[in-house]
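Spelled out from the first residue to the last, the chains are:
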Amino acid sequence: MENQNNVTEFVFMGLWGNKKIELLFFFLFLLCYLAVLMGNIIILLTITCSHLIQQPMYYFLCHLSLMDLCYTSTVVPRLVRDLAAARKNISYNNCMTQLFTAHLLAGVEIFILVSMAFDRYVAIVKPLHYMVIMNRQRCNMLIIMAWVVGFWHSIALLLMVLNLPFCGPNKLDHYICDVKPLLKLVCKDIHVVSILVIANSGMVVLAIFLALVASYIVILYNLRVRSSIGRQKALSTCSSHIMVVVLFFVPCIYTYALPAGTENKDKEISLFYTVIAPMLNPLIYTLRNMEMKIAMRKVWSKAVHSDLK
């Protein structure tokens, strides 16, 4: 069959069909987006304007906040606009751009979370070699690797979708351009492509999640020999990481590890990693972290004093 594409735009079916509910969620998601912006900008400014930027853990946290800002900004503004719009349409080219950008930024975020787990592993399991292993050069290398891996993941997915024929219906049962709802509109057998998508996204995310769980089990096992104060501090940091990892990875596994043809709650579950996790991350990392609280007070008191002069 010759590869053809008669579709020039897609129409989002959105989250709910009820207009009153959509207007209510318009204000809710708008507030969520403002909370994401405010929370992550505060973390970025606190870390970059204080001594914390010299520490690997906060260096990675800074990059994580930047990814949360960028990733949410590729999804939520359009979602908010569409909730108030009569027609939720997106051009084919813009749809492909959103697909590539969202998967690129999500891929980078996943490998930043891996880098943060590696940092905690070295800090607790090999504390005497920590500064040698986690030097700034290696931290920069891990960030570069995150971008490279994220790029190859998203470009592979994009090229796969660009080669698929869309010749019939254009109603996308989602609020963003994502690979699984797009596969439902393809006018050819998607069995092989669906397996490739699961391998590219679902299985990779599942494997990384299991590796992270294993690393945290080793970390918790090694905490037995620490003093009660050291153990408490390490547990506080690790529990924050674990919460963020679970919030992001579990919904991703649910969304991408199942075949495209199955009927599930993909679009509702995806709200966890597109809106809820980026909104809660700043709270998780600040409320449970004394260093961040102290640095925040110093940075903002310095800013207030400089304004008063």
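Keep in mind that this is a model prediction, so the values were computed, not measured. Sequence order as written defines residue numbering, which begins from 1 separately in each chain. Under the rules for a predicted model, residues below a pLDDT of 70 receive no local features and side-chain atom pairs below 80 are neither given nor counted, while totals for whole chains, interfaces and linings still include all residues. Excluding hydrogens and water, the side-chain values take into account all heavy atoms of the structure.

### Concerning the overall build of the chain
Logical step 1: By the criteria applied, helices consist of DSSP H or I runs no shorter than four residues and strands consist of E runs no shorter than two, each listed in order from the N terminus. What the chain contains, in helices and strands, is 11 helices and 3 strands.
Logical step 2: Throughout, the radius of gyration refers to the C-alpha atoms, and the reference size of a globule is 2.2 Å times the residue count to the power 0.38. Relative to the globule expectation of 19 Å for 309 residues, the C-alpha radius of gyration of the chain, 21 Å, shows essentially globular dimensions.
Logical step 3: Exposure categories follow from relative accessible area, calculated using a 1.4 Å probe and restricted to protein chains: below 20% of the type maximum is buried, above 50% is exposed, and the middle band is partly exposed. When the 309 residues of the chain are sorted by exposure, 50% land in the buried category.
Logical step 4: Looking at charge distribution, the chain has the averaged site of its 26 positive side-chain charges lying 12 Å from that of its 15 negative ones. Charged residues are defined narrowly, with Lys and Arg counted positive, Asp and Glu counted negative, and His plus the chain ends left uncounted. The atoms used to mark charge sites are NZ of Lys, CZ of Arg, CG of Asp and CD of Glu.

### Quick look at the pairing of strand E1 (residues 9-12)
Logical step 1: Bridge count between E1 and strand E2 (residues 89-91): 3 bridges; the pairing is antiparallel. Bridge pairing in E2 places Phe10 opposite Ile90.
Logical step 2: Strand pairing is defined by DSSP finding a minimum of two bridges between the two strands. Where E1 lies against strand E3 (residues 171-172), 2 bridges are found, and the strand directions are parallel. By the bridge assignment for E3, Val11 is matched with Lys171.

### Some thoughts on helix H1 (residues 19-48)
Logical step 1: Under the 1.5 Å per step criterion, the end-to-end length of H1 is 43 Å for 30 residues, consistent within 8% with the ideal 44 Å.
Logical step 2: Along H1, the residues that are buried comprise Glu22, Phe26, Phe29, Cys32, Tyr33, Val36, Gly39, Asn40, Ile43, Leu44, Thr46 and Ile47. How far a helix is expected to stretch is found by multiplying one less than its residue total by 1.5 Å.

### Structural notes on the packing of helix H3 (residues 92-125) against helix H5 (residues 136-162)
Logical step 1: Here the axes come from fitting lines to C-alpha atoms, over the contacting stretch only for helices, and the angles between their N-to-C directions go from 0 to 180 degrees. The interhelical angle for the contact between H3 and H5, taken along N-to-C directions, is 150 degrees, at an axis separation of 8 Å. Viewed along their axes, H3 and H5 form a crossing whose handedness is right-handed. By the definition used in this description, the sense in which the near helix is turned from the far one sets the handedness, with an anticlockwise turn below a right angle giving left-handed and a clockwise turn giving right-handed.

### A word on the nonpolar core
Logical step 1: Phe10, Ile47, Met96, Phe166, Leu182 and Phe249 are the most contacted members of the largest nonpolar core, which has 84 residues in total.
Logical step 2: Sorting elements by how many residues they give to this core places H3 first, with 18 residues.
Logical step 3: In terms of nonpolar packing, the next biggest core, distinct from the first, is built from 14 residues, Cys32, Leu79, Val80 and Val275 among them. Here, the term nonpolar core denotes a set of buried Ala, Val, Leu, Ile, Met, Phe, Trp, Tyr and Cys residues that are joined through side-chain atoms within 4.5 Å.

### Here we look at the sheet that holds E1
Logical step 1: Strand order in the open sheet formed by 3 strands is E2-E1-E3, and the pairing between neighbours is mixed. Looking along the sheet, the strands with just one partner apiece sit at the ends: E2 and E3.
Logical step 2: Contacting E1 and E2, H3 crosses the sheet at an angle of about 90 degrees to E2. Here, two residues are considered to be in contact whenever any of their heavy atoms come within 4.5 Å of each other.

### Section: the confidence of the model for the chain
Logical step 1: One confidence number per residue, pLDDT, is output by the predictor and ranges from 0 to 100. Residues at a pLDDT of 70 or more form 92% of the chain, whose mean pLDDT is 85.
Logical step 2: Here helix H11 (residues 290-308) stands out as the element of the chain with the lowest mean pLDDT, 73, in contrast to H5, whose mean of 93 is the highest.

### Description of the state of the cysteines
Logical step 1: By disulfide we mean two sulfur atoms from cysteines, separated by a distance within 2.5 Å. For the structure on display, the rule yields 1 disulfide.
Logical step 2: Linked covalently through their sulfurs, Cys95 and Cys177 form a disulfide whose S-S length is 1.9 Å. Between Cys95 and Cys177, the S-S dihedral sits near -120 degrees, and the bridge is therefore left-handed. On the criterion of sequence distance, the pair formed by Cys95 in helix H3 and Cys177 in the loop between E3 and helix H6 (179-183) is long-range, its members being 82 residues apart.
Logical step 3: For Cys177, a relative accessible area of 2% corresponds to the buried category.
Logical step 4: For Cys32, which is in no disulfide, the shortest distance to another cysteine sulfur is to Cys252 and amounts to 18 Å.
Logical step 5: Here Cys252 stays free of any disulfide, with the sulfur of Cys70 as its closest cysteine sulfur at 17 Å.
Logical step 6: Judged by relative accessible area, Cys252 falls into the buried class, the value being 5%.

### A few points about the UniProt feature "transmembrane region" (unreviewed entry) in the chain
Logical step 1: Residues annotated by UniProt as "transmembrane region" (unreviewed entry) correspond here to residues 23-45, 57-80, 100-118, 139-162, 190-223, 235-257 and 269-287.
Logical step 2: End C-alpha to end C-alpha, residues 23-45 measures 33 Å, and it is 100% helix and 0% strand.
Logical step 3: As annotated, residues 57-80 comprises 100% helix and 0% strand, and the C-alpha atoms at either end are separated by 33 Å. UniProt positions are given in the numbering used here, feature names are shortened, and annotations may be inferred rather than shown by experiment.

### Here we look at the pattern of salt bridges
Logical step 1: Within this document, salt bridges are pairs made up of a side-chain nitrogen of Lys or Arg and a carboxyl oxygen of Asp or Glu, the two lying within 4 Å of each other. Following the criterion strictly, the structure yields 4 salt bridges and no others.
Logical step 2: When the shortest N-O distance is used, the salt bridge between Asp119 and Arg120 registers 2.9 Å.
Logical step 3: For Asp119, a relative accessible area of 1% puts it in the buried group.
Logical step 4: Residue Arg120 is classed as buried on the basis of its relative accessible area, which comes to 13%.
Logical step 5: Notably, a salt bridge pairs Asp173 with Lys267, separated by 2.7 Å at the nearest N-O pair. Here the residue Asp173 occupies a position in the loop between E3 and H6, and Lys267 occupies one in helix H9 (residues 266-269), the gap between them amounting to 94 residues.
Logical step 6: On the basis of relative accessible area, Asp173 is assigned to the partly exposed category, the value being 35%.

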